Amino acid sequence: MSSTAYARQDEAASTLIAEFATLPADDPRRRRVRDQAIEAWLPLAQHLARRYHGRGEPFDDLLQVAVVGLIKSVDRFEPSRGVEFAGFAIPTILGELKRHFRDRTWSVRVPRRLQELRMRITSANNDLTQTLNRAPTVAEVAVHLGVSEEEVIEGLEGARAYQTDSLSAPTGDEGSPELGETLGGEDDGYELTEMRLALEPAMAALPRREQQILSLRFYGNLTQTQIAAKLGISQMHVSRLIAQSLATLRKTINDGD
């Protein structure tokens, strides 16, 4: 399209938006003019959506978001403020696109504070890399942004939630296990917790001296000789009492199961 054709198109679009803004709310022409104004300014929405293409979002989705911003601009535009429609619509459409990336494209939802901090860190990294001719350190990014190093680290950790890998993704060549198959494993903690819950009443059922001996042996880490000296009995007696007590505990727990 020639420059003359572009000029005519812009003039027609400006005329439509000005006409729509001056029509009374009950004017039967208002809806038709509104649709025409949106269609006339659609190239602006397409142009702004292309700015964000290639960042992981389909262009059709970005265009849809940009059109929402365009519609809001058409409905809210007031010529009496002395601002041209393009000057009003561009920030509105860009705001919708930025909000889309902030709120909808994170794989894991993180607080808005961390989302905004991530964007600031990315911008600071770009600026400092050009200034320093190398990748900046966490401390340098923190000074540049006026925040603590802990906040920068928190923002970097939060950025990992922007994209995630599927648990069905292969870990190597064809035939290799899926990512989900390599994660996790049996947790012995549950069985240990159940055992502790069963052990407490079983221990309480033992005679007081046997409870003391087991406590000194397995919690106090004393040897049988040390326990014998402490209680004034023989080491053989201590050994026999430990064996009997453990057998009683096993029987009590197994019977309970």
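Read on for a plain summary of the structure.

Criteria and thresholds
- Residues numbered from 1 in each chain as written.
- Predicted model: local features only at pLDDT ≥ 70, side-chain atom pairs only at ≥ 80, totals over all residues.
- Heavy atoms only, no water.
- Helix = DSSP H or I, 4+ residues; strand = E, 2+ residues; numbered from the N terminus.
- Contact = heavy atoms within 4.5 Å.
- Polar contact = N/O pair within 3.5 Å; in protein donor to acceptor, adjacent residues only side chain to side chain.
- Buried < 20%, exposed > 50% of the residue type's maximum accessible area, 1.4 Å probe, protein only.
- Arc of directions from axis to C-beta.

**Thoughts on the environment of Glu140**
- Here Glu140 is to be found in helix H7 (residues 138-145).
- For the pair Glu140 and Leu128, spaced 12 residues apart in sequence, the C-alpha separation works out to 8.2 Å.
- Every residue in contact with Glu140, bar those within four places of it in the chain, is listed here: Leu128, Leu132 and Arg134.
- Side-chain polar atoms of Glu140 contact the side chain of Arg134, separated by 2.7 Å.

**With respect to helix H3 (residues 42-51)**
- Considered for burial, the residues of H3 that qualify are Leu44, Ala45, Leu48 and Ala49. Taken end-on, H3 shows its buried residues confined to a sector of 130°, consistent with a single buried face.

**Some details on the environment of Thr15**
- Among the structural elements, Thr15 can be located in helix H1 (residues 3-22).
- The class for Thr15 is partly exposed, based on a relative accessible area of 46%.
- Considered as a pair, Thr15 and Ala40 are 25 residues apart in the sequence and their alpha carbons are 10.0 Å apart.

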